[in-house]
Amino acid sequence: MLVKTVLNRVEHFKSFVFIAVSFQLVNGSEALVVEINARANSRPECPECGRRGRKYDTMPVRLFEYVPIWAFQVFFRYAPRRVACPEHGAKVEALPWAYGKERMTISYQVYLARWARRLSWKETADIFKTSWDSVYRAVRFVVEYGLANRSLDNVTEIGIDEIAVFKGPKFLTMVYQLNAGARRLLWCGPERRVKTLLRFFHEFGKERSEKLRFVCSDMWAPYLKVIAKKAPNALNILDRFHIMRKFNEAIDEIRRGEARLFKAQNQENVLERGRWLLLKRPENLSDKQTARLGDLLKLNLSSIKAYLMREDFQRFWEYKQVRFADRFLENWVTRALHTNLEPMKKVAKMLRNHKALILNWFKAKGQLSCGAVEGLNLKAKLTIRKAYGLKSLKCLQIALYHTLGDLPEPLCHHRFC
Ligand SMILES: [Zn+2]
């Protein structure tokens with residue numbers, strides 16, 4: 001079978017024909033080069049307005065890299081025409097296999113981008129003997145296409161969170177769609193500022209924002225204000241895992257303080273390597289860890305008191321009715337305020353201050369899964385780690401949209417991978 005026959009099966013361009021396929025040297029290595037001609041009666045298409053016009057002249061031949069086969073690089077070879085558009089003047093014609101000045105064909109870009117979702121960008125470049133920059137351009141192209149062509153209809157539930165990136169106190173604000181069956185990254189922007197979230201709502205649009213039914217967020221005051229203002233019809237829910245994170249931060253602070261004290265008094269640090277014992281839920285511990293935790297629980301330590309207070313609070317989430325949950329929360333807060341554990345008292349005050357929003361969790365129960373935010377965050381962190389070496393924020397945003405955005409791809413006649 002001729003390569004041409006295969007090509008006609010996977011790519012069919014109405015106004016163009018595959019002429020011949022031959023081996024040629026391209027950049028010092030042997031490659032399969034596919035000659036393309038415009039059909040004799042076809043007229044070139046203006047890239048600005050899409051109208052076909054008279055041929056103005058012909059440009060020098062160009063090579064367009066295509067999906068490799070059998071470890072050979074494949075190129076399309078074509079001399080683009082210029083169209084004489086009555087409106088736009090002489091323009092290089094629009095081609096169905098590549099955009100603008102790009103040397104890679106659309107099929108090849110989509111192909112590279114698909115691999116770049118599974119492998120790191122560097123691995124993808126190595127395997128396909130191309131540059132990191134080409135892989136980046138391919139992913140960027142696919143992401144930009146996806147963002148321009150995705151649908152934002154029916155987004156009624158969102159989750160807002162931030163993740164740390166690079167070194168130092170740098171954050172990305174992440175906005176996820178949480179509707180069942182459509183969980184994806186909607187937007188990500190630098191820093192955790194009022195301005196950041198305002199920018200999301202601005203880009204998302206007023207009409208869509210008004211249709212939001214649930215917004216799940218942590219209790220960072222400036223964000224709560226923006227949400228109340230910009231998503232007036234949404235129930236703002238402070239999510240379970242955001243709240244329990246505050247408990248863990250408090251336990252950790254107390255544990256560090258005690259460990260410092262042991263050191264100062266030259267005592268044995270019984271809390272050494274105890275961090276995860278205290279931060280994990282007891283059901284997630286191994287047998288050995290459970291035994292160690294049992295030993296620790298016998299000691300009269302502030303860290304242990306804080307740990308038990310957290311475990312006690314877990315019962316809060318089991319309530320079915322808001323008023324009982326409310327009563328439990330009040331009791332717990334009162335008890336906590338009577339201890340001498342400053343970080344826990346801080347948590348208690350925070351719970352009381354945000355009670356109304358926390359209780360919204362019960363109102364939305366069964367309708368919204370904020371837990372999805374945690375899962376999406378984990379994936380985002382993995383992407384960031386895999387994309388290690390991406391220095392610019394723009395690269396990182398593109399990598400995140402690529403893996404988490406569930407974006408539509410440019411139309412490719414054939415799926416290669
Ligand atoms: Zn035109």
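J.: For this particular structure, what's the right way to read helix α12 (residues 322–337)?
T.: For the α-helix, the turn length of 3.6 residues means that residues three or four positions removed from each other point alike. Relative to the 22 Å expected for 16 residues at 1.5 Å per residue, α12 spans 22 Å between its end C-alpha atoms, a close match to the ideal helical length. Listed in full, the buried residues belonging to α12 are Ala325, Phe328, Leu329, Trp332, Val333 and Ala336. What you see down the axis of α12 is that its buried residues fit within an arc of 135°, all on one side. For α12, the exposed residues lying more than 90 degrees away from the buried face are Arg323 and Arg327. On its buried side, α12 packs onto α8 (240–264), α11 (302–313), α13 (342–353) and α14 (355–363).

J.: Looking at this structure, how should I read the coordination of the zinc ion?
T.: As a benchmark, a tetrahedral metal site with four donors has ideal angles of 109.5 degrees, while an octahedral site with six donors has ideal angles of 90 or 180 degrees. The protein atoms that coordinate the zinc ion are Cys46 (SG), Cys49 (SG), Cys85 (SG) and His88 (ND1), at distances spanning 2.1 to 2.3 Å. All donor residues of the zinc ion come from one chain, and their arrangement in sequence is C-x2-C-x35-C-x2-H. In this pair, Cys49 sits in the loop between β2 (29–38) and β3 (54–58) while His88 sits in the loop between β6 (81–85) and β7 (89–92), placing the two residues 39 residues apart along the sequence.

J.: Is there a simple way to think about the sheet that holds strand β4 (residues 62–69) in this case?
T.: Strands sit in the order β1-β2-β5-β4 across an open sheet of 4 strands; the sheet is mixed. Where the open sheet ends on each side, the last strands, each with one partner, are β1 (16–26) and β4. The sheet shows a mean angle of 30° between the axes of neighbouring strands, taken without regard to direction.

J.: Help me understand the packing of aromatic side chains, please; the structure alone is not making it clear to me.
T.: Geometry of an aromatic ring pair is reported as the spacing of the ring centres plus the angle between the planes. Following the criterion strictly, the structure yields 35 aromatic pairs and no others. On the numbers, 4.7 Å between centres and 75° between planes, the contact of Trp317 with Trp361 is edge-to-face. Of this pair, Trp317 sits in the loop between α11 and α12 while Trp361 sits in helix α14, placing them 44 residues apart in sequence. Its relative accessible area of 3% is what places Trp317 among the buried residues. Looking at Trp361, the relative accessible area reads 14%, which means it is buried. An aromatic cluster is present here, built from Phe247, Phe313, Phe316, Trp317, Tyr319, Phe328, Trp332, Trp361 and Phe362 joined pairwise through their rings. Of note, Arg208 hangs over the ring of Phe204, and the distance from its end group to the ring centre comes to 5.9 Å.

J.: Looking at this structure, I do not really get the sheet that holds β6. What am I missing?
T.: Sheets are built from strands paired through backbone hydrogen bonds, the pairs being either parallel or antiparallel. The 3 strands are arranged β3-β6-β7 in an open sheet whose pairing can be described as antiparallel. The outermost strands of the open sheet, each flanked by one partner alone, are β3 and β7. When the angles between neighbouring strand axes are averaged without regard to direction, this sheet yields 35°. Note that β3 and β6 share 4 bridges and pair antiparallel.

J.: Even after reading the chapter, I still don't get the pairing of strand β11 (residues 214–217), so can you show me in this structure?
T.: The side chains of a regular strand alternate between both faces of the sheet. A two-sided burial pattern is seen for β11, the buried positions comprising Phe214 and Cys216 on one face and Val215 and Ser217 on the other. The pairing of strand β8 (residues 157–165) with β11 spans 3 bridges and is classified as parallel. The partner of Glu157 across the bridge, within β11, is Phe214. With 4 bridges joining them, β11 and strand β12 (residues 235–238) adopt parallel strand pairing. When the sheet's bridge partners are listed, Val215 is paired in β12 with Asn236. What joins β11 to β12 is helix α7 (residues 221–230), and the crossover it makes is right-handed.

J.: Would you mind showing me how to read the side chain of Arg310 here?
T.: Locating Arg310 in the fold gives a position in helix α11. If sequence neighbours within four positions are ignored, Arg310 has contacts with Met244, Phe247, Asn248, Ile251, Leu278, Leu279, Lys280 and Arg281.

J.: Can you help me understand helix α2 (residues 106–118) in this one?
T.: The first and last C-alpha atoms of α2 sit 19 Å apart over 13 residues, in line with the 18 Å expected at 1.5 Å per residue. Those residues of α2 not exposed but buried are Ile106, Ser107, Tyr108, Gln109, Val110, Tyr111, Leu112, Ala113, Arg114 and Ala116. Each element contacted by the buried residues of α2 is listed here: β4, α3 (121–127), α4 (132–149) and α16 (393–404).

Cut-offs used in this document
Residues numbered from 1 in each chain as written. Predicted model: local features only at pLDDT ≥ 70, side-chain atom pairs only at ≥ 80, totals over all residues. Heavy atoms only, no water. Helix = DSSP H or I, 4+ residues; strand = E, 2+ residues; numbered from the N terminus. Expected span 1.5 Å × (residues − 1). Buried < 20%, exposed > 50% of the residue type's maximum accessible area, 1.4 Å probe, protein only. Arc of directions from axis to C-beta. Contact = heavy atoms within 4.5 Å. Donors = N, O, S within 2.8 Å, 3.2 Å for Na, K, Ca; no water. Pairing = 2+ DSSP bridges. Axes fitted to C-alpha atoms, helices over the stretch in contact; angles between N-to-C directions. Phe/Tyr/Trp six-rings, centres within 6.5 Å; stacked < 30°, edge-to-face > 60°. Lys NZ or Arg CZ within 6 Å of the ring centre and 35° of its normal. Right-handed = clockwise from strand over helix to strand, strands pointing away.

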